[in-house]
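Examining the three-dimensional arrangement
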Amino acid sequence: MRQILTPAGELLDDPPCDIETTRRLYWAMIEARTYDRKCTALQKQGRLATYAPLLGQEAAQVGSAAALRPDDWMVASYRDAAAMWMQGYGWDLLILGRTGDERGGSPPSRINVLPPSITVGAHMLHAVGLAWGERLQGSDRIAMTYFGDGATSEGDFHEAMNFAGVFKTATVFLCQNNGYAISMPRRAQTASETIAEKAESYGMPGVLVDGNDVLAVFAAAAEAVARARSGDGPTLIEAVTYRVGPHTTNDDPTRYRPAEEESAARAADPLERVRAYLEASGAWDAEWQQRLEEKSAEALERAVETAEALEPFTRRDIVAGVFQQPSDALIEQGERHGW
Amino acid sequence: MRQILTPAGELLDDPPCDIETTRRLYWAMIEARTYDRKCTALQKQGRLATYAPLLGQEAAQVGSAAALRPDDWMVASYRDAAAMWMQGYGWDLLILGRTGDERGGSPPSRINVLPPSITVGAHMLHAVGLAWGERLQGSDRIAMTYFGDGATSEGDFHEAMNFAGVFKTATVFLCQNNGYAISMPRRAQTASETIAEKAESYGMPGVLVDGNDVLAVFAAAAEAVARARSGDGPTLIEAVTYRVGPHTTNDDPTRYRPAEEESAARAADPLERVRAYLEASGAWDAEWQQRLEEKSAEALERAVETAEALEPFTRRDIVAGVFQQPSDALIEQGERHGW
Amino acid sequence: MVMHTVATALNEALALALEDERVVLMGEDVGKTGGVFRISDGLYERFGPERVIDTPVAESGIVGAAFGMAVAGLKPIVEIQFMGFSYPAYDQIISHVSRIRNRSRHRFTAPMVIRMPCGGGFGAAEHHSESTEAIYTHVPGLKVVIPSTPSDAKGLLLSAVDDPDPVVFLEPIRLYRSIKEEVPDGRHSVPIGSARVERDGGDVLLVSWGAMTKETRAAAERLSEQGVDAAFIDLRTLVPLDVTTIIDAAQAVGRVVVISEAPRTGGFAAEISALVAERALYSLQAPVERVTGLDTVFPLKRAESEYLPAVDDVMAAAMRTLEA
Amino acid sequence: MVMHTVATALNEALALALEDERVVLMGEDVGKTGGVFRISDGLYERFGPERVIDTPVAESGIVGAAFGMAVAGLKPIVEIQFMGFSYPAYDQIISHVSRIRNRSRHRFTAPMVIRMPCGGGFGAAEHHSESTEAIYTHVPGLKVVIPSTPSDAKGLLLSAVDDPDPVVFLEPIRLYRSIKEEVPDGRHSVPIGSARVERDGGDVLLVSWGAMTKETRAAAERLSEQGVDAAFIDLRTLVPLDVTTIIDAAQAVGRVVVISEAPRTGGFAAEISALVAERALYSLQAPVERVTGLDTVFPLKRAESEYLPAVDDVMAAAMRTLEA
Ligand SMILES: Cc1ncc(C[n+]2csc(CCOP(=O)(O)OP(=O)(O)O)c2C)c(N)n1
Ligand SMILES: Cc1ncc(C[n+]2csc(CCOP(=O)(O)OP(=O)(O)O)c2C)c(N)n1
Ligand SMILES: [Mg+2]
Ligand SMILES: [Mg+2]
C-alpha cells in the first residue's frame, strides 16, 4: 500500500508537491470537514433530506481531485462532495441538492461535473463514455469517477472496467474503500485480497494507496491522470480509508460494527497527519488554523443562505425538466392544479 | 495451458482415466458430432429453427460433463447440447427444442439440467443459486455452468463469480473460449491475457486448459468438481477451443474472419486427437469407428422421429405454462379462438 | 389479535415464514441491521446468517442466485432495498424468474417472493420514490401484490411465500408506520387475486392501491361529509386482477375514479380505466377519471407534494364524474 | 425516390446520420458483420471502426458508455441486438438516460437513439420476439418511436438522431424486408409525435403500430370488401402520443379497435383504449376492442401463430363493435 505520510505525519518518500500546494490541500480538507459538519447539523434540524457523511474520507477525495485539470470530467457519488467541490461544484449547489431540490444538480456550464450519482454502480460507465466521447472529439479531457468498495460488486463496475480496458478510455477509477457498504464489511463483499488487484482482469494497472494520506493519493492520482491524458488508458486506484460516520443520517452503525473500530479510525485522522507534517515543516500555526476554520465556516454559512433563499420549485418546473420541449399533454399536466 | 494429449495424440502426462473410459469419451464425441451434423442438415431443410453448431467444441463439452455425478446440476447455453446430453438430457428433447417447441425444455424429473439458456450471461448466477440451495438443504450436489468467452463481458458474469467467491458455492464455471462472440474475436472482448486469470479477482482458482484435449478438460473438471463437492468452493475453467462453424445457421463468418483460421482449426480436430491416441494404445480400429458412427446415426434418427411425432403445441398449452394455476382471464384467453 | 403497523406485521410474517426451513431471506443489509426499514429486525439473530443472508450490493446477483435456490427447492424471499434499485435485476426477473415454468413446462419452477419498498412522499433522494408497478404487471408469469393495511401485509406476504409462482411484493414506504390495526395472530393468510371492498357506496367508485389508498380513503370520507356516497376498492393484488369485483362495482355505480401514484402514461391505472370502459361501457354515466402522478421523474423533497395526487385531486375527479 | 425495404431505408438513414461527425453507431456485431440483420451493412467500411463500433456483449455497458458519449457532446446511435436483450440495460435507460436532463435541469443531456429490433413471427428462439414497448412508454423522459413503412423508418430515424432527447427506436423485425416502397432521397424526415392516418373510413377505426400494421391493413382491406369502411391509424410514435389525431378519429367514427402484439395486461393498447374511452366516451357506439397477444411468454416457432393476433381476429373485433 502506497504511503508518503505516516499517520504521525512523517515523510516516507518524496512528496508529490511543494509545501504551498500541501497547505492548499490542507485548507481544502478543512473546507470538506466544515461542509460535512454543517450538513450533519442541518440534517438534524430537518433542513436537509438524508445526508451521507464523508467524515474521514477528506484526504481520499481532496488528494485525488487535486490531480485534475479544471475542465476534466468528474462522475462521483452521493458521498463525494469534497471531490466535486474541488472540481468547481459549489457548496451552495451541493447543499441545495441535499435539501431535496433538483436545481442542485445543475452546475455552471464550465464545470464538467455530473450531479452526484445516487444509484450504486451505474455511473462508472458514464465516465467511460465521457472520456471516449472526448477522445472522439479530439480533446484530451479525461474522466475521473468516484465509487465505493460496495459498488465494485455491481455488474456495471465490471462492464465499465472492461470497456475502459478494451477501448483504452482515459478514465481514472477512484475507489474509496471505506470499509463498508452500509452494513456489509469489505471482506464480506468480495473474496479478493484487495480491490486494486481486480484491475488486472481488465488489462489495466491497479494501485493500492493509503486513502488517508493526502500526498500518496495525490501522487497516485496524478500518475493515473497523466497516463490517461497521454492516451495510455485507464487506471484503478483503491484508496483505503474509513467511513467514520454512519452510512447516512438514517443509519445506526452500532448495529453492525464495534465502537472501538470507529474510535481507532477517528484517531487516525487524515487531517491531523497533514497538519503535523506542515507544522514540522514550519508551515502551520494555530492562528492560520483558526483563520482557515473561520473562512470555511463563513463560506458554508453563505452557501446555506444561497441554497435556502431559492424560490420554490413548482409543478411547472417539474414538468419542464423532462424534455427539451415538453409535449402539449405534459404542459397541461404542469398547469393543472390537480387533475 | 494444461494439455495431456498433443494434437497428434501423444500423451504428455498421466491420463486422468483408463482406456475404457477414454473410449466412452470418444464415443460421446462422435454422438455429439453426429447430432451437430444432423441439426445443421435439418435446419437447411427448414425442419429446425436457427441452430448454433457446436462443431469443434466436442472435447470441451464431453470432457467437462464427464466429471459430473448424474444428479449434479448443469446450467448451459444454446451451444452446449453435447454437455447436456452427457448429463442425461436426451437428443430428442434437444432437437424438439430446436424445432421451436417449449416441450424440449422439460427433461425427466431425475435430470437436473436446466433448458439451454438463450440469454448470454444471466444463467451463470442460476448455477450459483442452485449450488447454494443444495448446500442449504444438506446436499453435496454441485452445479456446473457453461458459457462462452463473450459471456464474460456481461455484468452477470461478474456478479455470479463474486457471489460464488463470497459464499463459496459449489459451482464450476466452465468457459468455452471458442475465439468469438458472434463476430467479436476474443482479443476485442477484454484486455486481459486470458479469461482464466479473471478468477483471481474473486478469490477462486482459474485454470487454463486446452479445450480440444478431452483428457485435459476431464482432468481439470474432475479436480474442480471434487473441490466444489468437498466444500472448498468454486473454480473457473477456461477451455480454449474454436467455433469451427458459423455462430448460428444465420451467420456468415467470412464477413469477419479469415478462411485459413477456420481450416487450421478444422485440421486440429479434437476427435482425431483421441482417435490417434486410442489407435496407438491398440484401442481403436476402423470397424469400431464404423459401428459407433452407425449407432449414433441411428440414435439421432430415432430422436428426430420422436421429436417430430409430437402432437401440435396449442394455444391452450401456451396459456397453461404461465402459472401453476392459470387465472380465469388467462384460461379464457386460451380458449378463445381469436379475441 | 395484536396491534401492528405494516412494518411490524411484515416482520411477523417473515418470522412465521422462516419457520419453514426452505425459506431464506436475502438482500442488502437485511441481516445484521434488519434492513434499512427494519422490516427484518431480529430475524438474523433468530434464524442465523445462513437463512437471513446479507449480500453484496448486486441486485441482479441477488435475484439470479435466489432464482437458482428456488429451482433447487428453496423458497427465497428477496429484499430489493428500494423499488428504484430493482432495475439492475429486471433482466433476471423478466427473462428468467417469470419464465422458467413455461420454458420447462412446469419441470422447473421458481417460487420466490421479491419484496420491494415502493412509492414516495417521505422526502427521499432520487430513485427512492418509484412506483413502477407497470413494468412488472405487464410481465406474464409474475404475480404482483401490493398491500396497504397491516392485516393485508401480513396475510398477503404469507400467501406470497406459499405461492407456487414468483410474486413481486410491493411495500408502500409511506404506509410502513402510518397506520396501526389489529392483525390476526399466527398463519393468517389473505388470498392473492382478490380485491378488498373497503367501502360500499352508490354515487362514485374509487379504485386505488398502495400508498394512494390513504388519500383515497380520506377523499371517500370527505365526500361522504358532502353527501356523496363513494365506494372504495383497494386492489391489493394487481396480477392476477380481481376483474369481477371491479367490473361488478363499476356496473353498479356507473362512475369510476382510478387513483395511482405512478406516472400517468401507461401506468396500471390505464389498464383499470380500459377494462372498466370495455366491460362496463353501457353502465358508465361519465368518463372514467384517472388521478395519477405526472409524466415526470418523481421530484425531490422540496416539490414532491406538487407531484403526488392529493385528497383534493381525488375529490375533484369524483365531482367531475358526478357533474358529467 | 428509390425503392426501399425498411431494412435498406434504415441503412440509408444511418449512413446519412453518420455524415455528421458527432454521430457514432455502436453495438454488438454492428461493425464488421453489419449487424445480425445487416441494417448497418457497409457502414463500418465507410466510416471506420472509431465511428461504427463493435462492442463486447454487455448491454448495460453499451448504453451506459453511449450515455457518457452523449453527455460529452456526441450523438450515439446504439443497437441492442434484440429487444429481449435490452433488459440488462434497463437500469441505465430508466435511471440515467431518461433522467439526466431533469437531474441537471438541462445542464447535461443525453441525445441518443437506442435502436431495438422487436416483435415476433419469424420463428426465433426465446427472447427474440419481444414486444415490451410498454416498459419504455411508461418512462418519463424517453420518446418511443416505431415505424412500420420504409419511408417512416428513414424519416423517423433521422428525426430521432436530430432529437435533443433520448429516443427508443423500435424496428419490427417482421417488416424489415416484407414491404417495399419509394422513399424520398436525402435528409427526408418524419416528425416524431405525429400519427399517420393510413386510411379514412366511417364505420370503424383501427389503431395499431409496428408489425401489427400488416394484419391491420389486411383487415381493413378485407372489411372494405365486405362493405365495412374502416379507418386505420398507424401510431408511428408512442411517446409523445398524437392524442388529437386518435381522439378526433375516435369521436368521428365511434367504434374503435386497438391492435397490438404485446401481452394484453398493461400493454400500450390499454393506454389507447383508456384514452379513447376517457376522451370520446359520448361518441362511442361500442366498447373499445383490444386485439392483443396473450398474457403469456411469446411462444416458440411451432406455436407462434397461436399467439399472434391474425387478420381474422382484427376483423372479428371490428365486427363486434359494429354489432354492439
Ligand atoms: C443500485 C443500487 N443498489 C442499492 C442502493 C442502496 N445503497 C445506497 S449506498 C449503498 C452502499 C454502497 O456502498 P459503497 O459503494 O461502499 O459506498 P459508500 O456508501 O460506502 O460510500 C447501498 C447498498 C443504491 N443506491 N443503488
Ligand atoms: C443478453 C444477450 N445479449 C446478446 C445476445 C445475442 N447473442 C447471442 S450469442 C452471442 C455471442 C455470445 O458469445 P459467446 O459467449 O462467446 O458464446 P458462443 O456463441 O461463442 O458460444 C450474442 C451476442 C444474447 N443472446 N443475450
Ligand atoms: Mg463503502
Ligand atoms: Mg464464443
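Details of the structure are given in the entry above.
Because the structure is a prediction, the values reported are computed rather than measured. Sequence order as written defines residue numbering, which begins from 1 separately in each chain. Written order decides the labels, with chains lettered from A and ligands numbered from 1. Under the rules for a predicted model, residues below a pLDDT of 70 receive no local features and side-chain atom pairs below 80 are neither given nor counted, while totals for whole chains, interfaces and linings still include all residues. For the side-chain quantities, the full set of heavy atoms in the structure was used; hydrogens and water were omitted.

1. Remarks on the packing of helix α1 (residues 19-44) of chain B against helix α10 (residues 270-280) of chain B
All names here are of chain B. As a reminder, the rule being used: Lines fitted to C-alpha atoms define the axes here, with helix axes fitted over just the stretch in contact, and angles between the N-to-C directions of these axes take values from 0 to 180 degrees. A helix here means a DSSP run of H or I that spans at least four residues, while a strand means a run of E at least two residues long, and both kinds are numbered starting from the N terminus. For classification purposes, angles smaller than 35 degrees are called roughly parallel, those larger than 145 roughly antiparallel, those between 65 and 115 roughly perpendicular, and all remaining angles oblique. Less than a right angle of anticlockwise turn of the near helix away from the far helix marks a crossing as left-handed, whereas a clockwise turn marks it as right-handed. Only heavy atoms matter for contacts: two residues are in contact if any of them lie within 4.5 Å across the pair. Basically, the charged four are Asp, Glu, Lys and Arg, the nonpolar ten are Ala, Val, Leu, Ile, Met, Phe, Trp, Tyr, Cys and Pro, and anything else, Gly included, counts as polar.
Running from N to C, α1 and α10 cross one another at 150°; their axes reach a closest spacing of 10 Å. By the angle class used here, α1 and α10 are roughly antiparallel. Classified by chirality, the crossing of α10 by α1 is left-handed. The residues of α10 that touch α1, namely those facing I19, T22, R23, Y26, M29, I30 and R33, are P270, L271, V274, R275, Y277 and L278. The residue makeup of the contact of α1 with α10, split by class, is nine nonpolar, one polar and three charged.

2. Describing the packing of helix α10 (residues 268-280) of chain C against helix α10 (residues 268-279) of chain D
Two numbers describe how α10 of chain C lies on α10 of chain D: the axes approach to 8 Å, and their chain directions differ by 55°. It follows that α10 of chain C is oblique to α10 of chain D by the angle criterion. Helix-helix and strand crossings are classified by hand; for α10 of chain C and α10 of chain D the assignment is left-handed. Across from A270, E271, S273, A274, A277 and E278 of chain C in α10 of chain C, the residues of α10 of chain D making contact are A270, E271, S273, A274, A277 and E278 of chain D. In terms of residue class, the contact of α10 of chain C with α10 of chain D is made up of six nonpolar, two polar and four charged.

3. Quick notes on the relation of the copies chain D and chain C
This is how it is decided: Least-squares superposition aligns the copies on the C-alpha atoms of those residues with pLDDT at or above 70 in both.
The transformation that overlays chain D on chain C combines an axial shift of 0.0 Å with a rotation of 180°, and the residual RMSD is 0.0 Å. The operation mapping one copy onto its partner corresponds to a two-fold rotation axis. Among all residues of chain D, the one whose C-alpha sits closest to the rotation axis is A274 of chain D, at a distance of 2.1 Å. Both copies share a contact surface, since 100% of the interface residues of chain D are interface residues in chain C too.

4. Points about the site of ligand 2
Our working rule: The criterion for a residue being near a molecule or strand is simple. One of its heavy atoms has to lie within 4 Å of it. Nitrogen and oxygen atoms within 3.5 Å of one another constitute a polar contact, given that in protein one can donate a hydrogen and the other can accept it, and given that sequence-neighbouring residues count only through two side-chain atoms. The protein chains shown are the only cover counted for residues, whose accessible areas, like all others here, come from Shrake-Rupley with a 1.4 Å probe.
Close to ligand 2 lie 20 residues, the nearest being Y78, R79, D149 and G150 of chain B together with E59 of chain D. In this structure ligand 2 sits where residues from chains B and D come together. Interatomic distance of 2.9 Å between a backbone N/O atom of I118 of chain B and a nitrogen atom of ligand 2. Burial of ligand 2 by the protein chains amounts to 95% of its free accessible area of 580 Å². For the shell around ligand 2, a count of residues per class yields nine nonpolar, six polar and five charged.

5. Describing the interface of chain D and chain C
Stated precisely, the cut-off is as follows: Accessible area that two parts lose when put together, with a 1.4 Å probe and added across both, is what the buried area reports. The salt bridge criterion pairs a side-chain nitrogen of Lys or Arg with a carboxyl oxygen of Asp or Glu, the two atoms within 4 Å.
Between chain D and chain C, the contact holds 46 residues from the first and 46 residues from the second. At the boundary of chain D with chain C, total buried surface from both sides reaches about 3800 Å², with 58% on carbon and sulfur atoms. Interface area lost by chain D to chain C is led by R99, H138 and E278 of chain D, which between them contribute 19%. For the pair chain D and chain C, the interface holds 10 salt bridges.

6. Quick notes on α10 of chain B
Residue and element names in this part refer to chain B. Convention followed: Think of it in three bands: with a 1.4 Å probe and only protein chains considered, a residue is buried below 20% of the maximum accessible area for its type, exposed above 50%, and partly exposed in between.
Among the 11 residues of α10, eight are classified as buried, and the element is accordingly described as predominantly covered. Looking at α10, one finds that the buried residues are P270, L271, R273, V274, R275, A276, Y277 and L278. A positive phi of about 70° marks G282, the residue just after α10.

7. Considering the coordination of the magnesium ion (ligand 4)
Residues and elements named next belong to chain B. Our working rule: With water omitted from the atoms examined, metal sites may look incomplete; donors here are N, O and S atoms no farther than 2.8 Å from the metal, or 3.2 Å in the case of Na, K and Ca.
With distances of 2.0 to 2.1 Å, the protein atoms coordinating the magnesium ion (ligand 4) are D149 (OD), N178 (OD1) and Y180 (O). Between consecutive donor residues of the magnesium ion (ligand 4), the sequence gaps follow D-x28-N-x1-Y. Relative accessible area serves as the criterion here: at 4%, N178 is assigned to the buried category. Overall, Y180 belongs to the buried group, its relative accessible area being 8%.

This is a description of form; function is not addressed.
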